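Overview (structure and organization)
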Amino acid sequence: MIRVHPRAFAAILFLFATACSTPSTGSVDPQIAADIAGIKAIDNHAHPVRPTAAGEKPDGEYDALPVDSLEPESDPVRDRPGSPAILEAHREMFKGDKAGAAKTYGQDYAVRVLDQLNIETMLANRVSMGPGLPAPRFLWVPFADALMYPLPTDAIVRNPDQKAFFALEDRLLKRYYQESGVPSKPAALDEYLSKVVRATLERHKQGGAVAEKFEMAYLRTLEVGDPSKDDAERVYTTGKGDYKALQDFIFRFIATECGRLGMAVHIHASAGGGGYFNVSGDNPLLLEPLFNDPALRKTNFVLLHGGWPFGRQLTALLTKPNVYTDFSGQTFMNYPRDVSENLRAWLEYVPEKALFGTDAYPFAPPDNGWEEAGYMANAAGREALGMALTGMLRDGEITRERAGELARMVLRENARKLYGLK
């Protein structure tokens, strides 16, 4: 049985109680708050850091494109150093003594973090897993972007962030070559797709992966065309022509293979880190032709981070039979009321497609590590869910019984069904 750390449980209830003491229309009903606080969640998206032993190299595989390489940007108020939310999170996680907890718990440290957050299972977006991140508490979501770029990328770099990111993708692709037993880029596209792309996806599946993650919004637009194989082959073989056509063809191949293998496709779909991030190119509506393709109906797509700031547009996409979303990331960047408005729209429209998520990430350790980000996002996410359900209850849209059912759906049941979890 997973035990909830008393301080974490009390902190969540305190947030709700504080909200309930205010006569605002967004305050949380006490019973709904208590129900939400007691549900063990499935976290659809996070970047947990693997605990390492003394003398062991610190874990650096929590992201294929770590944001610590980005140029400075204007951070959201809630995430700035010294913000009340960060300070509270740091105080609450292991009573502010993470170093002591790490020493005490060793390889069990990451599991203890989940216990404090009342999270049963966390989907770990990582290059690889390893000791300290055991299944089923942590489930693997590796990265597929590198497979889209078998040709040199110098000509498509537009800013310093992309320059750094494409170098990282090239390094990961070389790793995939090595793991696939392929010394270098195969001469023919079919051979690349079979011996590198398909082999990598199958290896990930065998390693326990439940989905493949795309961070392509940091590298290019989300718009995915439908080029012919001949066009893609020509670019692959000659290195000339529209590189995007080759990327799009490979993306569709990966998405199709994920459907065959029973893995979902996760796509970063919201404003992202870095002052050069192309927000307009990250509008989830750009993906609609992809979702409408009958050939991809066996593939489930999850739009991470709720499409912010395109939440309303994303809501309409949830009517597609194979499209889901979560509110990870929003819950530590934005305040609960803002998140609750998007969440309420999803619950009023297609509630079985909404997933809980934190995007717990080591933004600025040691005081704002993945633990603090997880705490902030977990507390804000549960509060936002409470606000949304309370508003629906008071407006006569749902019964109290239905509110409890929806809470369980968002926090765990939708994810359980999507990934076939017990």
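These notes cover the structure that comes with them. Predicted model only: the values in this text are computed from it and were never measured. (Residues numbered from 1 in each chain as written. Predicted model: local features only at pLDDT ≥ 70, side-chain atom pairs only at ≥ 80, totals over all residues. Heavy atoms only, no water.)

The subject of this paragraph is the overall build of the protein chain. Check the secondary structure of the protein chain and you find 15 helices and eight strands. Taken against the 2.2 N^0.38 rule, which gives 22 Å for 422 residues, the C-alpha radius of gyration of the protein chain at 21 Å falls within 12% of a compact globule. Principal-axis analysis of the C-alpha atoms gives the protein chain an extent of 65 × 55 × 40 Å. For the protein chain, with 422 residues in total, the buried portion stands at 59%. Approximately 17,300 Å² of the protein chain is accessible, and the part contributed by carbon and sulfur atoms is 54%. When the 48 basic and 55 acidic side-chain charges of the protein chain are each reduced to a single mean position, those positions are 4 Å apart. (Helix = DSSP H or I, 4+ residues; strand = E, 2+ residues; numbered from the N terminus. Rg over C-alpha atoms; globule rule 2.2 N^0.38 Å. Buried < 20%, exposed > 50% of the residue type's maximum accessible area, 1.4 Å probe, protein only. Areas by Shrake-Rupley, 256 points an atom, 1.4 Å probe, with all protein chains shown as cover. Lys, Arg positive; Asp, Glu negative; His and termini not counted. Charge placed at Lys NZ, Arg CZ, Asp CG, Glu CD.)

Its volume calculated, the largest pocket comes out at about 870 Å³. Around the largest pocket, the lining comprises 41 residues; the ones closest to its centre are Val67, Glu73, Asp75, Gly273 and Phe363. Examining the composition of the lining of the largest pocket, we find that three residues originate from one element, helix 12 (residues 330–333), more than from any other. Of the residues contributing to the lining of the largest pocket, the split by class is 18 nonpolar, 13 polar and ten charged. Put simply, the second largest pocket is a space of about 590 Å³. Around the second largest pocket sit 22 residues that line it, and Val49, Arg50, Thr52, Tyr109 and Glu371 are the ones nearest its centre. Secondary-structure elements contributing two or more residues to the lining of the second largest pocket are helix 4 (98–105) and helix 14 (370–394). Residue contributions to the lining of the second largest pocket peak at four residues, all from helix 4. Partitioned by chemical class, the residues of the lining of the second largest pocket number twelve nonpolar, four polar and six charged. (1 Å grid on protein atoms, 1.4 Å probe; cavity = no way out; pocket = protein on both sides within 12 Å on 5 of 7 lines; lining within 4 Å. Points joined across faces, edges and corners; volume = space filled by probe spheres on them. Nonpolar A, V, L, I, M, F, W, Y, C, P; charged D, E, K, R; others polar.)

Below, the discussion takes up unusual backbone geometry. Here the residue pair Ala135 and Pro136 is connected by a cis peptide bond, since its omega of 5° sits within 30 degrees of zero. Topologically, Pro136 is positioned in the loop between strand 2 (119–125) and strand 3 (138–141). Following Pro365, the chain continues into Pro366 via a peptide bond in cis, with omega recorded as 15°. Residue placement: Pro366 occurs in the loop between strand 8 (354–355) and helix 14. If you check the backbone angles, Asn118 has positive phi at about 55° while not being a glycine. Mapped onto the elements, Asn118 comes out in the loop between helix 5 (109–117) and strand 2. By relative accessible area, which is 1% here, Asn118 ends up buried. The backbone phi angle of His305 is positive, close to 75°, even though this residue is not glycine. Along the chain, His305 falls in the loop between strand 6 (301–304) and helix 11 (311–317). You can call His305 buried: its relative accessible area is 3%.

Another aspect to go through is the side chain of Asp59. Summarising the element assignment, Asp59 is placed in the loop between strand 1 (41–46) and helix 3 (84–92). Note on Asp59: relative accessible area 13%, which makes it buried. For Asp59, the side chain forms a polar contact with the main-chain nitrogen of Arg50, separated by 2.9 Å. Those residues within four positions of Asp59 in sequence are excluded, and the remaining contacts are Pro48, Val49, Arg50, Thr52 and Arg126. (Polar contact = N/O pair within 3.5 Å; in protein donor to acceptor, adjacent residues only side chain to side chain. Contact = heavy atoms within 4.5 Å.)

Here we take up the pattern of salt bridges. Where charged atoms from two side chains of opposite charge approach closely, those side chains can pair. Inspection of the entire model under this criterion finds 30 salt bridges. Glu61 serves as the salt-bridge partner of Arg175, at 2.5 Å between the closest nitrogen and oxygen. Of this pair, Arg175 sits in helix 6 (residues 160–180) while Glu61 sits in the loop between strand 1 and helix 3, and the two are 114 residues apart along the sequence. The partner of Arg137 in a salt bridge is Asp115, with the nearest N and O atoms 2.9 Å apart. You can see Arg137 sitting in the loop between strand 2 and strand 3 and its partner Asp115 sitting in helix 5, a full 22 residues away along the chain. There is no split in this pair, since Arg137 and Asp115 are both buried. (Salt bridge = Lys/Arg side-chain N within 4 Å of Asp/Glu carboxyl O.)

Note that all results are geometric; they support no functional claim without further evidence.
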